[in-house]
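Listed below, chain by chain, are the residues.
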Amino acid sequence: MTTLNETHDPALTSWVSSANTPANGFPLQNLPYAAFRRKGTQEAFRVGVAIGDAIVDLAALADANPGAPFDGDARAALQAGRETRVNALMALGQPAWQALRLALSRALRTGSPLQGLIEPLLVPQADAEFTTPAQIGDYTDFYISVHHATAIGRQFRPDNPLLPNYKWVPIGYHGRASSIGVNQQFPRPVGQQRPAAEGEAPQFGPCKRLDYELELGVFLGSANPLGERVPLDQAESHVFGMCILNDWSARDLQAWEYQPLGPFLSKNFASTISPWIVTLEALAPFRVAYSRDAADPQPLPYLSSDANRAEGAIDVQMEVLLTTEQSRGAKQAPAKLSSSNFRDAYWNVAQLVAHHTVNGCNLQPGDLLGTGTLSGPQPDEAGSLMELSNGGKTAVALPWGESRTFLQDGDEIIIRAHCEKPGYPRIAFGQAAGTVLPARI
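Residues numbered from 1 in each chain as written. Predicted model: local features only at pLDDT ≥ 70, side-chain atom pairs only at ≥ 80, totals over all residues. Heavy atoms only, no water.

Caption draft 1: Representation of the state of the cysteines. This model, assessed by the stated rule, comprises zero disulfides. Of all cysteine sulfurs, the one in Cys419 lies closest to Cys243, which takes part in no disulfide; the gap is 13 Å. Given a relative accessible area of 0%, Cys243 falls into the buried group. Here Cys361 stays unpaired: no disulfide links it, and the sulfur of Cys243, its closest cysteine neighbor, is 19 Å away. You can call Cys361 partly exposed: its relative accessible area is 23%. (Disulfide = S-S within 2.5 Å. Buried < 20%, exposed > 50% of the residue type's maximum accessible area, 1.4 Å probe, protein only.)

Next up, the structure:
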């Protein structure tokens, strides 16, 4: 587990004044990473760090040769920031990540002698465009919310919503990395759907039950060799950070294809992430205890430890918002569909990494793990329309007079996440936004 250090001091302020605004979400205590370039240019994407409403261009900072505190591991990490994605920095490992965070924190603090050097290198976030922060080699999506699994299972198996393995093993499937992006606009997927009557041919055409999934993503940093498992209490040293994830789902395609091998075309057409990776170190102040109901099976030994129980969960607050063509035309504020919290997940980050590698699977820098839909215990904490509409049976009313059971063309889903507690600056993840375009037939 990451321990608190001077970078977490809630009293720290930055000479970038916008970073000290309580609602900004990118204070000195955050310092998340992205891959960006200036809008309207053909510049190469490069690694940047958010501070307030600005971005520190790491390549430009490396070119400026700042000296201390960018020495030792911090210098090597800063040089890795010259790349177009964060993978090279991820591969250096946790000591380098921590050294660069400390150097950036010191350089951006109020009173830093490096202000005159760094200030001209800042790029306003409003002038930037983003791409995926890491080159994602492999993507695995898990299913770690027992509340989501129960709600979905109840629609198909009212008397036995959870399958027998759910409370013993972190369920997951290998997804498609090539269709993951930021700020996506994607056509409605087309494919096969269940036959209208038994014995008939399946239907084919645009998806009729398009849904979102409220998730977080876990970016892997340092690799483990093939055949070498990662023990639970070392797992988080392999995790670089987290982002927001929306794993769009074509529910009608999924219902027809998922047996016997699980999701396929119903999931691989688009997955939207936020541009920013919030480091696991930045999330250390928001650790909370991880526990199971005493009546449930307790995790097997390779998924259990005293340290993991003490602070294996993370308090991340999330919300889903919707805009439509009608609401945007009328300049209506986005409608909030639901909110939930990552701390309610049945499995945690370290357990996902330990389980993924227990058979010797080798994870690589930039690999992405999805949490699966993060629904909470209350009805208004559902993380998908499939839950909110009870499988399409009950329409969700919107403030401007429309309603939805599933998404329509022109709908935009916005997912936001942040960490907050008394006496500490708000740590934001930014947002993951995606818009549904008409199908291409």
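Caption draft 2: Local environment of helix α4 (residues 94–108). Under the 1.5 Å per step criterion, the end-to-end length of α4 is 21 Å for 15 residues, consistent within 8% with the ideal 21 Å. Taken as a whole, α4 has its buried residues at Ala96, Trp97, Leu100, Arg101, Ala103, Leu104, Ser105, Ala107 and Leu108. (Helix = DSSP H or I, 4+ residues; strand = E, 2+ residues; numbered from the N terminus. Expected span 1.5 Å × (residues − 1).)

Caption draft 3: Expanded view of the nonpolar core. Of all hydrophobic cores here, the largest spans 66 residues; its most connected members are Leu216, Met242, Trp248, Val316, Phe342, Ile413 and Phe429. Contact partners of Phe342, with chain neighbours within four places excluded, come to Ile144, Leu216, Met242, Ile314, Val316, Met318, Val349, Thr371 and Leu374. With 56 residues, the next largest nonpolar core counts Ala62, Val123, Ile180 and Phe219 among its residues. (Core = buried A, V, L, I, M, F, W, Y, C linked by side-chain atoms within 4.5 Å. Contact = heavy atoms within 4.5 Å.)

Caption draft 4: Local environment of the side chain of Asp367. Along the chain, Asp367 falls in the loop between α10 (349–357) and β22 (368–370). Lacking a salt bridge, the buried Asp367 has Arg85 as its closest oppositely charged neighbour, with an N-O distance of 13 Å. Within the structure, the side chain of Asp367 is placed 3.1 Å from the backbone nitrogen of Asp138, a separation counted as a polar contact. Separated by 2.8 Å, the side chain of Asp367 and the backbone nitrogen of Gln364 make a polar contact. With residues up to four places along the chain from it excluded, the contact list for Asp367 reads Gly137, Asp138, Val218, Phe219 and Leu220. (Lys, Arg positive; Asp, Glu negative; His and termini not counted. Salt bridge = Lys/Arg side-chain N within 4 Å of Asp/Glu carboxyl O. Polar contact = N/O pair within 3.5 Å; in protein donor to acceptor, adjacent residues only side chain to side chain.)

Caption draft 5: Up close: the sheet that holds strand β5 (residues 128–131). Here we have five strands laid out as an open sheet, ordered β4-β3-β2-β1-β5, and antiparallel in their pairing. With partners counted over all chains shown, the strands left at the sheet margins are β4 (122–124) and β5, one partner each. Across this sheet, the average inter-strand angle for adjacent strands is 50°, counted without regard to direction. Taken together, the four bridges between strand β1 (residues 33–38) and β5 define a ladder with antiparallel strand orientation. In the sheet register, Phe36 faces β5, and the bridge partner there is Phe130. (Pairing = 2+ DSSP bridges. Axes fitted to C-alpha atoms, helices over the stretch in contact; angles between N-to-C directions.)

Caption draft 6: Here's a closer look at helix α6 (residues 146–156). Within the sequence span of α6, burial applies to Val146, His148, Ala149, Thr150, Ile152 and Gly153. On the buried face of α6, the contacting elements are α11 (385–388).

Caption draft 7: Seen up close, the UniProt feature "binding site: Mg(2+)" (unreviewed entry) in the protein chain. In the UniProt entry, the feature "binding site: Mg(2+)" (unreviewed entry) is given for Asp247, Lys267 and Ser271. A stretch of 25 residues holds the annotated residues, and the largest C-alpha distance among them is 7.8 Å, short enough that they meet in one place. Tracing the backbone through its elements, the reader meets Lys267 in the loop between α7 (251–257) and β16 (271–273). Beyond its immediate chain neighbours, meaning those up to four positions away, Lys267 contacts Tyr173, Glu213, Asp247, Trp248, Ser249, Arg251 and Gln254. Looking at the secondary structure, you find Ser271 in strand β16. Ignoring sequence-local partners within four residues, the contact set of Ser271 consists of Tyr139, Ser179, Ile180, Gly181, Gln184, Leu245, Asn246, Asp247 and Trp248. (UniProt positions renumbered as here; feature names shortened; annotations may be inferred.)

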